[in-house]
Amino acid sequence: MPTPRLASRVAGLKPSATVEMTERVRAARAAGRRIIGLSSGDPGLDTDPRIIEAANRALHDGDTHYGPAAGSAALRAALADRERLRTGAAYAPEDVLITPGGKFALLTALMGIVEPGDEVLVPEPGWVSYGPCIRLCGGTPVPLPMLDRIDPGQLAAAITPRTVAIVLNSPVNPTARVLPAAELDAVLALAERHDLWIVFDQVYSDLLHAGRFAAPQASSAGQARTLVVDSLSKTFGMTGWRLGSLSMPAGTARSFQRVMQHSVYCVPGFVQQAGVAALRLFDDLVPGYRALFRARQEYAASRLAALPGIHCPLPDAGFYLFPSVPGDDGAVAASWLDRLSVASLPGSAFGAAGAGHIRLSLTTTQPDLEDAMDRIAQWSRQEQVLA
Ligand code: PMP
Ligand code: GLU
């Protein structure tokens, strides 16, 4: 039977390479194939039992109703406190909106600032959902290459009369690079000159291994034009709970809140109570997670750097590595999956500026990681023989 037409908004939307690869791995495993998963951005941590207990308690205490659309007062206050510690930026709890994951915080931010036909600059290589979320709002994403650094001249040249915002992400998915303060200052100066919003995605900022985390909202001029996307997913191994936030300049929250009111309404109260418990456990849990990810990055980077044709810098944050590989990255990722049963993502899935690289997400156990590195080393030896 013919079906009525679909809106181009969804019919023409690019699928998420990260989500689709995760689903492909899940299907292959269900069919009995052993795959070493280095493709998903899920940190692979079990949520701490004390966090689960907080949600259980909340459920038994009757937190099963609609709650405030903007989020619970306790979680908004806890996140405002956390932000003060992290970047020094002072947010009133009323300036923090609780969303189902950082992904919905991003969509809410863009819904609030993008008119049809507007242009938004997006980092490249950059997370796969920036462009599609901009398109869902009727806007046009304009890629800005920034593999190793943000070039202010290139940024200035990309700004047109239709540009309304720039999306920045630090630490970066997929490279795990931490944007230095000087680069953010240069972006802020241009944003001020052209009256642009900055949408700043800091969902990996709690997983810093070295150096200092810089953020545009740290200055009051920056805070006034920055929408901060954050999440508990990566910090606490809470990806499936769907818990994130959007912090906004004073006085704007009421407008953004309407997106929650008319869509998901609110994040479940028991999930938010789990979030409050997680933030209380920050010092107890997060240093251990950081150390785990750092050890894996150091191990895998040293194994990869020893292979001919592979260059693998050690980033300052997170759990990704973004080595350059010889040849076409799409072909390399496909061959690792088919021949080695190692799932990764080609750098070009994160935009043209990511070509020639592979994103590895170090979220497996150490034995599986060692197994994957052995397989990649063997693949490399075979490629040498064939070359
Ligand atoms: N931003 C970046 C850069 C990400 O990698 C992710 C991962 N999913 C998100 C935002 C959103 O995460 P979540 O919706 O789970 O909070
Ligand atoms: N952000 C993670 C990733 O890059 C999870 C999947 C997604 O939300 O895109 O793999």
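As a reminder, the structure under discussion sits directly above these lines.
Residues numbered from 1 in each chain as written. Chains lettered and ligands numbered in written order. Predicted model: local features only at pLDDT ≥ 70, side-chain atom pairs only at ≥ 80, totals over all residues. Heavy atoms only, no water.

Undergrad: Give me the site of ligand 2: which residues, what numbers.
TA: Taken together, the residues surrounding ligand 2 are T18, S40, G41, K103, W127, N173, Y204, K234, Y320 and R359. T18 is positioned with one of its side-chain polar atoms (N or O) 2.5 Å from an oxygen atom of ligand 2. The side chain of W127 places a nitrogen or oxygen atom 2.9 Å from an oxygen atom of ligand 2. Coverage of ligand 2 by the protein chains reaches 86% of its 280 Å² of free accessible surface. For the shell around ligand 2, the class distribution of residues is three nonpolar, four polar and three charged. (Near = heavy atom within 4 Å. Polar contact = N/O pair within 3.5 Å; in protein donor to acceptor, adjacent residues only side chain to side chain. Areas by Shrake-Rupley, 256 points an atom, 1.4 Å probe, with all protein chains shown as cover. Nonpolar A, V, L, I, M, F, W, Y, C, P; charged D, E, K, R; others polar.)

Undergrad: Outline the site of ligand 1, listing residues and values.
TA: Neighbouring ligand 1 are 14 residues, the closest being G102, N173, D201, Y204 and S231. Between ligand 1 and D201, the relevant distance is 2.5 Å, taken from a nitrogen atom to a side-chain nitrogen or oxygen of the residue. In the environment of ligand 1, an oxygen atom lies 2.7 Å from a nitrogen or oxygen atom belonging to the side chain of S233. For ligand 1, whose unbound accessible area comes to 390 Å², protein coverage reaches 92%. Those elements that place two or more of their residues in the shell around ligand 1 are α5 (101-113) and α10 (233-236). (Helix = DSSP H or I, 4+ residues; strand = E, 2+ residues; numbered from the N terminus.)

Undergrad: Which residues make up the side chain of R296, and what values do they have?
TA: Looking at the element boundaries, R296 is found in helix α13 (residues 282-305). Buried R296, no salt bridge; nearest opposite-charge side chain is D42, N-O distance 9.4 Å. Residue contacts for R296: discarding those within four places in its chain leaves L362, T363, T364, Q366 and L369. (Buried < 20%, exposed > 50% of the residue type's maximum accessible area, 1.4 Å probe, protein only. Lys, Arg positive; Asp, Glu negative; His and termini not counted. Salt bridge = Lys/Arg side-chain N within 4 Å of Asp/Glu carboxyl O. Contact = heavy atoms within 4.5 Å.)

Undergrad: So what about the environment of R359? Which residues, and what values?
TA: Turning to its location among the elements, R359 is positioned in strand β12 (residues 358-361). C-alpha of R359 to C-alpha of G41: the two residues are 318 residues apart in sequence and 9.9 Å apart in space. Engagement of the side chain of R359 in a polar contact is seen with the side chain of N173, the distance being 2.8 Å. There is a polar contact of 3.4 Å between the side chain of R359 and the side chain of Y320.

Undergrad: Quick rundown of the sheet that holds strand β7 (residues 226-231)? Include the residues and the values.
TA: Read from one edge to the other, the open sheet built from seven strands follows the order β2-β8-β7-β6-β5-β3-β4, with strand pairing classed as mixed. The sheet is open, and its two edges are formed by β2 (96-99) and β4 (140-145), each paired on a single side. Going across the sheet, the axis of each strand differs from the next one's by a mean of 20 degrees, ignoring polarity. Of the pairings in the sheet, the one linking strand β6 (residues 197-201) to β7 comprises four bridges and is parallel in character. Paired with D201 across the strands is V229, a residue of β7. The sheet contacts of helix α11 (residues 253-261) involve β2, β7 and β8 (244-247), and relative to β2 the element is tilted by about 15 degrees. (Pairing = 2+ DSSP bridges. Axes fitted to C-alpha atoms, helices over the stretch in contact; angles between N-to-C directions.)

Undergrad: Quick one: what's the story with helix α3 (residues 49-60), residue by residue and with numbers?
TA: Helix length check: α3 (twelve residues) gives 16 Å between terminal C-alpha atoms against 16 Å at 1.5 Å per residue, within 8%. Three or more residues of α3 are buried, namely I51, A54, A55 and A58. Summarising the axial view, the buried residues of α3 lie within an arc of 95 degrees, below the 170-degree limit, and thus occupy one face. Projecting away from the buried face of α3 at angles above 90 degrees are the exposed residues P49 and H60. Where α3 is buried, its residues contact α12 (269-280) and α13. (Expected span 1.5 Å × (residues − 1). Arc of directions from axis to C-beta.)

Undergrad: So, the packing of α13 against helix α15 (residues 366-386): which residues are in play, and what are the values?
TA: Packing of α13 against α15 brings their axes to within 10 Å, and their N-to-C directions diverge by 10 degrees. The angle between the axes of α13 and α15 places the two elements in the roughly parallel class. In this structure, α13 crosses over α15, and the sense of that crossing is right-handed. Residues R296, Y299, A300, R303 and L304 of α13 lie in contact with α15, whose contacting residues are Q366, L369, E370, M373, D374, I376 and A377. Split by residue class, the contact of α13 with α15 holds seven nonpolar, one polar and four charged. (Parallel < 35°, antiparallel > 145°, perpendicular 65-115°, else oblique. Left-handed = near helix turned anticlockwise from the far one by under 90°.)

Undergrad: Quick rundown of the environment of A181? Include the residues and the values.
TA: Relative to the assigned elements, A181 resides in helix α8 (residues 181-194). The partly exposed category is assigned to A181, whose relative accessible area is 40%. Expressed as a C-alpha distance, the spacing of A181 and Q378, which sit 197 residues apart in the sequence, is 41 Å.

Undergrad: Lay out the pattern of salt bridges in plain terms, naming residues and giving numbers.
TA: Tallying each qualifying case throughout the model produces 17 salt bridges. Between D284 and R50 there is a salt bridge; the shortest N-O distance is 2.8 Å. Of this pair, D284 sits in helix α13 while R50 sits in helix α3; the two residues are 234 residues apart in sequence, bridging distant segments of the chain. Look at R50 and you get partly exposed, because its relative accessible area is 41%. One salt-bridge network, held together by shared partners, links R82, E83, R86, D206 and D230.

Undergrad: Mind laying out the packing of helix α14 (residues 329-340) against α15, listing which residues take part and the relevant values?
TA: Running from N to C, α14 and α15 cross one another at 110 degrees; their axes reach a closest spacing of 11 Å. Taken together, α14 and α15 sit at an angle that is classed as roughly perpendicular. As α14 runs across α15, the sense of the crossing is right-handed. Between α14 and α15, the residues in contact are V332, S335, W336, R339 and L340 and R375, I376, W379, Q382 and E383, respectively. Residues belonging to the contact of α14 with α15 are distributed by class as follows: five nonpolar, two polar and three charged.

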